[in-house]
Structure formats: structure tokens, C-alpha cells
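What follows is the residue order along each chain.
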Amino acid sequence: MRSETGFDPALYERFPTRGERPEGELEELERVWRAPRGWRLLTVVNNNYIGAFYVGAAFLFFLLAGVLALFMRVQLAWPLNGMLPQETYNQFFTMHGTVMMFLFAVPAVEALGVLLLPQMLAARDLPFPRLSAYAFWAYLVGGLAFFASIFVGLAPDGGWFMYPPYTSISYSPGINADFWLLGIGFIEISAIAGAIEIIVGVLRTRAPGMSLDKMPIFAWAMLVFAAMIIIGFPAVILGTLLLELERALNWPFFDPTRGGDPILWQHLFWFFGHPEVYIIFLPAAGLVTMMASTLARTPVVGYRLIVLALVSTGFISFGVWAHHMFTTGMPTLSVGFFSAASMAVSVPAGIQVFSWIATLASGRPRMNTPTLFLVGGIIIFVMGGLTGVMVALVPFDYQAHDSYFIVAHLHYVLIGGMVFPLFAAFYHWAPMMSRRPLSERMGKWVFWLMFAGMHLTFLPMHLTGLMGMPRRVYTYLPDREWGATNLLSTIGAGILAAGICLFLIDLARNFRFTTDDDAGNVYGGSTLEWLPTGLYSSRSIPVVRSRDPLWDDPALPRDVEQGRYFLPNSATGLRETIITSPIRAEPEYLQIMPGPSSWPLFAALFTAGFFLLLTVQAYWPSVVSGIAAILCVLRWLWETDRPVPDREVDIGAGIMVPTYVTGPRTHGWWAMMLLLTVIGMIFLMACFSYLYLYGIHPRFWVAPPDAAWLVPILLGNGAGVGLAWLGRRLLRREKTRLWTPGVLLMTGGGALAAAFAADIWSWRLHGLSPSASGQGATVYAFLSLQGILAAIVFIMTCYMAARNSRGLINRPADNSYDLIFLFAVYTAAQGVVSALLTRLFPGTAF
């Protein structure tokens, strides 16, 4: 019986195949997937290398932020210590929090996803390997440049949350805050690129037969994690852009004297900031679930409940952002709602904790290093969760807010929920990519030093906070009786640092990166990342029939290594992977994957240059660097979206699949829809900002321009979509004359630009100034966003016209054309909605 995709699941019974495989298959795979050598290794795009680089870079930032924390703890070890001046302490404090949250926590779990997911899913690689390379290099270059600001006295000093008005130009006149605003906004772009890669990879590149109910828990966790990034990160991107516009151009988004409001920043920041805690926690929880099952040698208890808990945590977490704003004077009803949501989010976390305990109790766990870090992390996380329920109670939060009690709570949750699971993962999965595992003996010393140091550092902080010590102070008076607990915390920080140093020694002694000759399945894992692999991932892509395939079929590794399953060779002579259906993972088509390229590296360097030059107000060099980045991206895309001569190929056992498809089935269509979701969330947050400021300060609002201006705006956007649609129709014809699809698409892009020009001209003639009021600032923010999208559409259409002129458009349908069409349709829709919104509020233009 065939499924809805047209694939017959009975074909799976042909596997594993028998008989001798043709000679040269393995050598061909190794040739196709060979990594470049020497300096050309910088152009590598394989997830094995990029994932390892990514994890290493994230751990580097963890160490750098930890060094800053040690300096802060020494400064606070005793009263009136003068080791760090106040300004330097504020910079250290800001950089510690910023680096830990933005440059370590989120990138570290995203890096593990890049490294582990293709192996767990038995995919050859993630679907956009060059995008992964670009995301990594952008993160590394931008992160290092951002951290380097501390050595020249330009590091931000407004806290990792950067609340205005303290960070406005009046109170922070230097460029320190600009480094944070532009640097973090740029780094978030890298995180979103990785999230798109992960979502499409999990949903579309799973091994055949790996339906959603057979996915590893880590894949589920990464899916929810990436979806939360897509929904949550646009808010902080918009917030940083608005604050930078206020600082650079005097647009008063957060200035209450001109119709702005500083609380708007808190809404935007914490809409991202509190879900970020769960963004960090959920992938680590997925790792804990998988390691608990492996180390206890038993299937995970409550698989479906854990999946439900992961999804519900992601959903509920977006209703908790004002948990951080109880003391800002919110209405009582709002406070009650957010307090209830803050307590409710602990329920799915509790489900996962009880599942871990049940899994460990139902098996026979070995007390090795990963198990110690696993159990220790659970203990620490539960302690942090209990204090989290306490601060969710509004009366208690009024007392503990902005005290060291909150510092202790935050670190218990993050260290127990992410850092200890991460170290457990290092020990557990190191044999997958190292010639030998890490030392068990040294690992136990590392655990006990870190476990004891962590409690000695942060447990006294609860008492310090309840005794009245506020956060973010660089010193204190001797008569406050905070000296003893602060000294204990400083000693504990030293012990914690000693454990991490011992781990670095273990890493240097034993870790030897490899892509093939690894130490093997040391701990007896049950999932597909423990199959024999090379740079091409597994030798052949197996059929998955259960959640624990290596336990249920001990012969699977041998059959996979002998090429008994899908893609035992390179069907086209190029890099390939199988794209499967999102629910049942049935083979749909063969994706041709790009190989090593220097263009993602150059694009990342020029993108970093654009933001950094903009920060130091070198505007023309910044523009040149931005143009260079765009040209590099277009150059790397120029080599993609080209079909191979064989329209269908055999992927094993006589099963034929197409090599080029178009429409909603393609992985590119899914990626574009995710990108448009990100842009749509930025626009939605902008709408929230506009309506919020209108509700707070309606007296600053003036009537909009005449309604007649809507006519050219609507006509221009409609014409742009219509011309692009007509071009799609012409693709079905073999020959066209003057009005080729590329020319029509470019003309449609011009129509969208004309609609934008009419919109902005109407406001300029109306006399509304962006620096006059919150209304003017938000209206011009809408116009700026629309102008950026219109410019992107026009660049895309010019690119497509160039491909058309070189005969590179595929007929009767072309993926690149389809994706540009989707972007143009969204741009037109957003232009219409923003024009109507800004004219309907505060008063109608009709």
C-alpha cells in the first residue's frame, strides 16, 4: 500500500541487500567527500569539521567569560577592594553575561546540533552546508572582534540586558554600547542561519523509515530549540536596531519625553531573553535523555511524554517574558497571568526530570564520568528550578528582585541545565570524533572539583542576596556583613576553575580529532551516530525500524558498512543526500549538495566588516564591505540550483528517485518559509512597538497622510507580485522573446521599489519627522524595514535576470525563481499591511 507521497513502504523489505558490492564504491565516496588540505581547510563545509570548529569556538568563549568571572569574584572577595575600578568592573560584568549568553550558551548547543544531527539522522550532511560554514565564520569573527573591545576600553558597560535610558546616548555617549548593539545583532543572524539549517535538516534529511515517533530525543529537542530561535530572536534583533537608531539618528523609541518608552525595550528584550533560558536548556535536556538511556542500558522511560514536554516548554516559555518585569508597575492582571505562566512552565521540566530518574532507576547505570556529570547536573538543575518557582511568586520576587539571590538562581539553572550536561556530552561523544576517549580517572576529578566548586560559589549567594546585597555592585562597605559569604563564593570559583583547567589538560592529552578512525561506541549507544562513518557520514543510509536501531539490530553496523542500504555509492558522481518526507521519512528526491568553497568565508568576513565599521562610524568603508558581502553570497549561490543530466537515479535496491524537484516539496522552499517567518516576527514585533507606544503616549500622535496615497502603494505592490507571477507562467514556455521571465521578475522588483518610494514620500510631504516623536520613529522604522526588503528583492531579481541571460533558468520550473517569488509576495504583503496600519492608527485617513 502506497503512502500519500507515492512511496511504497514495502520497498524497505528489500534491505539489507545481499551479494557482493561493485568494487570502487567506497573509494568513490571518499573521493567525492574528501576534505581540502592545508590552508584550503578554511573552505571546508562538511558538518564534521564545521561542527568541531563550532564546538571549539563556543568553548573558547566559555573560557574567556570564565576568566572575566574570576576577576569579578576576586574584586568582591572582601569589602572596598580596589583591584578593578568601577568602569572596568562594569565592562567585565557586561562582557561576562553577554559572552556566556550570546557567544557560548546558544552557539554551543547549536554547534552540537551541527556536529551530531547528521550522524544521528544518518544523513550525509545538513541540507545547506555552505550556510553552516557561513554561520560559523560569522560567529567566530564577529565574536572575537566583539570580545577584543575589552582590551581597548570600548567594551559595553550597560549590563548584558542593556536597559535604556542608561544605554541611551545621554548616559552612554561613547561607542561602547554600539559595539553591543551591532555586534549582538550580527551574531544573532548567525544563530538564525543555524536554526534554519537545523529545522530543515531534522524534518527533511532523516534516514528512510525514521518517522517522527522514531526520532532521537535530541533531534526533537533541537527542532523545538530552532523553532524557538526563529520565533524569539527577531525581537532582540529589532530591539537592538531600534536602540541603535535612537543612539545614531535620535529617533526616540525609548525616550518618554518625546513619545517613546524605556519599558518597550524590556518587553522586546525579555520576549527573547526568558525563552532563551529554555532555548539553552532544551537541547541539553535532549542530550541528558539520550545519555541516561545509554548509560542505564535501557530504553528511555516516557518517550512521548518527553516529546510533549519539549514542545509544551517551547510554547509556554513565550508567555513568561514579563516574569522579569514584576517590579516595573505592570497591571495586576498582567502580573497574575505571567506569575501563573512562570509556575506552569516548571511542569514539563518536572516531567523530564522524573523521566530521567525513572530511566536511570529502571536500568543499571555505570558510575563513570558521563553518569556523574549527568546526575550532578540533575541535582543542580532541580535546586535552581525550586528557586525559580520561588521568584515566580510575586511577593517574594518583590523582595529578591535585583539581588544576589537572582544571580544564584540563574547560575544554578544554567550550570545544572546546560554546563554539566555539556561536559557529560564531551565525555560521552568524544569517542565518536577522537582516536581515543577522554580519561575516566581525570574525568572524575574534573567532576568533583566542578561540583564542589559550583555549590561553594553559588549556594552562599542565596544568603548574600537575602541579606540585601544588590546585583551589579563593584564593591560594598565592611559593616554590611556580606564579606564572609562573598569570600566563600570566591574560593568556590577558584575550585570550579581548577576543575575546568584539569579538563583542558585531559583534552590536550587524549583528544585527537578524526573523521573515520575513532575510538568507537565506548558506552554502547543505541542510535545511528555510532555507525561506522567517514566524511560522508555513514557508508550507506539505513532503513530505521525502531527508536534504538543498534540495540534492536546488532547486525546493522556491519550491513551499513558493507553498503547494504541506500546510497552505497555516489549515484551522480557528486555529493548527495536523500530528502525524505517530514512525517514518515519516505524518500522523495536526491539532493545534490555543494562542496568546499571560499565564498562563505569571504562573505562572513565582509559581513563582520560591515557591522564593525558601522560601529566605529566608518560609514563609506562599511557600505563597501556590505556590498562585497552581498557579492560573495551571490557568487556562492551562482554555483547551486543546477540539475544533473540524470533526472532519476537508483539510490539502492532499484528504488528510483528524481534529482531535481520544485515547489513545496523542496528543502529550499522550507528554508525560505522559515526565513520569511523570521522577517514576519520582526515585523510583528515592530507592530507591537507601534501600538504599545500609541497606547502609552497617544498625545504625541498626529493624523496620517491623505488616503489617496494608498492607491500608488497598493498598485505598486500588486504590480510587483503580478509581474513576478507572469514570469513564472512564462517559464513553462520553451522560447520567449523580449519579456523573458528574468526581465519580468526584475520589473516586478522595480514596482515594489516604486511602491516603497510612494510610501516614504507621502510621509515626508506630510511633515512627520522621525526624531519628533515615538510615532515618527516607529513609522520610519516600518519604512526602513520595507526599504531593506524592497532592496533585497531588487538584488534577487537582478541576480535571476543574470542567470536567465546565461541560460541557467530551469524549465518548466526553477527553484531559485520560486523562492524569489515567495520573497516578493511577502514583501508586497508587508508593504500593504504597514501602510494600512500606520494610516488607521491613531486615526483613519478616510
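Residues numbered from 1 in each chain as written. Predicted model: local features only at pLDDT ≥ 70, side-chain atom pairs only at ≥ 80, totals over all residues. Heavy atoms only, no water.

S.K.: So, the environment of Ser339: which residues are in play, and what are the values?
M.R.: Following the sequence through the fold, Ser339 ends up in helix α9 (residues 332-344). Beyond its immediate stretch of four places on either side in the chain, Ser339 contacts Phe326, Ala392, Leu393 and Val394. (Helix = DSSP H or I, 4+ residues; strand = E, 2+ residues; numbered from the N terminus. Contact = heavy atoms within 4.5 Å.)

S.K.: Before we move on, could you go through the nonpolar core and cite the residues and values that matter?
M.R.: In terms of nonpolar packing, the biggest core is built from 261 residues, with Phe104, Phe269, Phe423 and Trp429 touching the most fellow members. For Trp429, the residues in contact, after removing those within four places along its chain, are Leu116, Met120, Leu287, Met290, Met291, Glu529 and Trp530. (Core = buried A, V, L, I, M, F, W, Y, C linked by side-chain atoms within 4.5 Å. Buried < 20%, exposed > 50% of the residue type's maximum accessible area, 1.4 Å probe, protein only.)

S.K.: I'd like a rundown of the packing of aromatic side chains, residues and numbers included.
M.R.: Counted according to the given criterion, the structure contains 64 aromatic pairs. Taken together, a centroid distance of 5.5 Å and an interplanar angle of 70° make the contact between Phe271 and Trp321 edge-to-face. Of the two residues, Phe271 sits in helix α7 (residues 262-296) while Trp321 sits in the loop between α8 (303-316) and α9, which places them 50 residues apart along the sequence. Neither Phe271 nor Trp321 differs from the other in exposure class; each is buried. Of note, Arg547 hangs over the ring of Tyr303, and the distance from its end group to the ring centre comes to 3.9 Å. (Phe/Tyr/Trp six-rings, centres within 6.5 Å; stacked < 30°, edge-to-face > 60°. Lys NZ or Arg CZ within 6 Å of the ring centre and 35° of its normal.)

S.K.: I'd like to hear about the pattern of salt bridges, residue by residue, with values.
M.R.: Applying the stated rule across the entire model yields 15 salt bridges. Overlapping salt bridges, with partners in common, bring together Arg18, Arg558 and Asp559 in one network. (Salt bridge = Lys/Arg side-chain N within 4 Å of Asp/Glu carboxyl O.)

S.K.: I'd like a description of α7, backed by residues and values.
M.R.: Here α7 contains 35 residues, and its C-alpha end-to-end distance of 51 Å stays within 8% of the 51 Å for a straight helix at 1.5 Å per residue. The largest bend in α7 comes to about 35°, at Trp270. Across the 35 residues that make up α7, a large majority, 34, are buried. Where α7 begins, the side chain of Asp261 points an oxygen toward the backbone nitrogen of Ile263, at a separation of 3.1 Å. (Expected span 1.5 Å × (residues − 1). Bend = angle between axes of the 7 residues up to and from the residue. Polar contact = N/O pair within 3.5 Å; in protein donor to acceptor, adjacent residues only side chain to side chain.)

S.K.: Tell me about α8, and name the residues and values.
M.R.: For α8, with 14 residues, the first-to-last C-alpha span of 20 Å sits near the 20 Å given by 1.5 Å per residue. Regarding α8, the residues found buried are Tyr303, Ile306, Val307, Ala309, Leu310, Thr313 and Gly314. One face of α8 carries all of its buried residues, which in axial projection span an arc of 160°. Among the exposed residues of α8, those pointing more than 90 degrees away from its buried face are Arg304, Leu308 and Phe315. (Arc of directions from axis to C-beta.)

S.K.: Tell me about the environment of Val678, residues and numbers included.
M.R.: Following the sequence through the fold, Val678 ends up in helix α20 (residues 667-696). According to the relative accessible area criterion, Val678 is buried, its value standing at 5%. In this structure the C-alpha to C-alpha distance between Val678 and Leu836, which are 158 residues apart in sequence, comes to 21 Å. What Val678 contacts, discounting residues up to four positions off in sequence, is Ile192, Ile230 and Pro234.

The values are spatial; any link to function lies outside them.
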